[in-house]
Amino acid sequence: MSPVLFQAATYLTFAAAASILFSIALSQILMALALAALLFSGAKLRLPPIWLPLGLFLTGTAISLALSPDPAAGLPQIRKFAVFLMLLLMYSAIRDTVTLRRLMLCWAGAATLVALRALVQFQNKLAESRALGQNFYDYYIAERITGFMSHWMTFGGQQMLALLMLGAFLFFAPKIRNYALWLLCGAVLSAALLLGMTRSIWLGVGVGGIYLIWRWKRRLLLALPAVLAVGFFAAPSSVRERSTSILKPRQDVDSNEFRFVLWRAGLRMVEAHPWFGLGPEHVKLQFEDYVAPDTPRPLPSGWYGHMHNIYLHYAAERGLPTMFFLLWLLAKVLWDFLGTIRKLPPGPSDEKFLLHGGVAVVLAIMVAGIFELNLGDSEVLTMFLVTVAAGYSAREAALA
């Protein structure tokens, strides 16, 4: 093995994982360079022990594509397979928890810079709505803060993962320097996520955060109802309106109504094509053919290009077996990480924070995924794969 090339692969993988918060193009260029350095280094290529459900998920996707009426239309999803190389790169090139700790702190710092940019965007949008004489909530919901990303869902998903890993670091890592600085980063990230007003992200952060607090100091959860109540009444009116829209949505402003139209169509797709689905990218191409006949027209405002639900979308697009392979993968990560946590000695450790953070991230992805196709987003998927690989490296170190 060439130590120089392996070290280059490590640095390039680190840079690819860190830069995803700013630019997917830069991240993927660095991934390609890291892969070349790793291959020429002669180092052993490694995958964490989720390779079987992952391989079956990718195989199911390829079969669905081959059986679809227009395979060429689904090729973007095959090209997206390249994103999964991040799992191989991370698990092969970054093997020590010290480097993984530094990467998570780079995420926290980078995400804070992105959040600060997003807060400036929020202030600009507030000024724009006032200049136009429009109701801020109506103006903002259709065009929210995005940081350096192209969409608020991508921004929110990335910030969610960075915040949960930062929380796990603050709760479970040893020898934390500049604790107040990292707390401040957490506060900035929280503010940006709150003002992002993406409800699925709120739910994901809530579930992941509750898990972390439960494993840290569960008595603090007794104060949660009071904290939420105070936060609700202290929040800006637009945030309160967004919160109540979960149960009392406004027609053609909040997105509740169109999701039910989508999900009914999705169930009809699964019923008609349970084994292999319609084919990658064919949910949006054939959506009109599966809208329930009793659906009022015109359709409610919203984006009908995917199911806004990872489980229903992959079942409709690629078939029930492929969707179950994804569930198997997520469940195995939780099983492996939680099983290892039970074997760790008392006290803080980098292994503990990486494993607890990994559990919180998987739970958040699973919950937010009920309302959004978050794992279909390459930027969010990249961070998810980095987190999973980091958790498995910590598991390997803990069990050594």
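As shown above, the structure is provided for reference.
For clarity, every value in this text was computed on a predicted model and none was experimentally measured.

Calculation criteria
Residues numbered from 1 in each chain as written. Predicted model: local features only at pLDDT ≥ 70, side-chain atom pairs only at ≥ 80, totals over all residues. Heavy atoms only, no water. Helix = DSSP H or I, 4+ residues; strand = E, 2+ residues; numbered from the N terminus. Rg over C-alpha atoms; globule rule 2.2 N^0.38 Å. Buried < 20%, exposed > 50% of the residue type's maximum accessible area, 1.4 Å probe, protein only. Contact = heavy atoms within 4.5 Å. Areas by Shrake-Rupley, 256 points an atom, 1.4 Å probe, with all protein chains shown as cover. Salt bridge = Lys/Arg side-chain N within 4 Å of Asp/Glu carboxyl O. Axes fitted to C-alpha atoms, helices over the stretch in contact; angles between N-to-C directions. Parallel < 35°, antiparallel > 145°, perpendicular 65-115°, else oblique. Left-handed = near helix turned anticlockwise from the far one by under 90°.

### Quick notes on the overall build of the protein
- The helix and strand inventory of the protein stands at 19 helices and 0 strands.
- What you see for the protein is a C-alpha radius of gyration of 21 Å, in line with the 21 Å of a compact globule of 400 residues.
- Each principal axis of the C-alpha distribution contributes one length, and for the protein these read about 65 × 55 × 40 Å.
- In the protein, which comprises 400 residues, the share counted as buried stands at 54%.
- In the protein, the proportion of contacts linking residues at least 24 apart, taken out of those at least 6 apart, comes to 79%.
- For the protein, the exposed area adds up to about 18000 Å²; of that, 67% sits on carbon and sulfur atoms.

### Brief notes about unusual backbone geometry
- For the bond running from Arg 297 to Pro 298, omega is -5°, close enough to zero to count as cis.
- In the Ramachandran plot, Lys 175 falls in the positive-phi region, its phi being about 50° despite a non-glycine side chain.
- Following the sequence through the fold, Lys 175 ends up in the loop between α8 (152–172) and α9 (179–196).
- We note that Glu 281 has phi near 75°; this positive angle belongs to a residue other than glycine.

### Topic: the pattern of salt bridges
- Under the definition given, this model contains 7 salt bridges.
- The salt bridge partner of Asp 294 is Arg 264, with a shortest N-O separation of 2.8 Å. With a gap of 30 residues between them, Asp 294 in the loop between α15 (287–290) and α16 (310–318) and Arg 264 in helix α13 (residues 256–272) connect regions that are remote in the sequence.
- What makes Arg 264 partly exposed here is its relative accessible area of 39%.
- One salt bridge in this structure joins Lys 332 and Asp 336, with 3.1 Å as the shortest N-O distance. Taken together, the positions of Lys 332 and Asp 336, both in helix α17 (residues 320–341) and 4 residues apart, correspond to about one turn of that helix.
- Given a relative accessible area of 6%, Asp 336 falls into the buried group.

### Brief notes about the packing of α8 against α9
- At a minimum axis separation of 10 Å, α8 and α9 run at an interaxial angle of 150°. Taken as axis vectors, α8 and α9 run roughly antiparallel relative to one another. The crossing of α8 and α9 is left-handed. Here α8 contributes Phe 155, Gly 156, Gln 159, Met 160, Ala 162, Leu 163, Leu 166, Phe 169 and Leu 170 to the contact with α9, which in turn contributes Tyr 179, Trp 182, Leu 183, Cys 185, Gly 186, Leu 189, Ser 190, Ala 192 and Leu 193.

The values are spatial; any link to function lies outside them.
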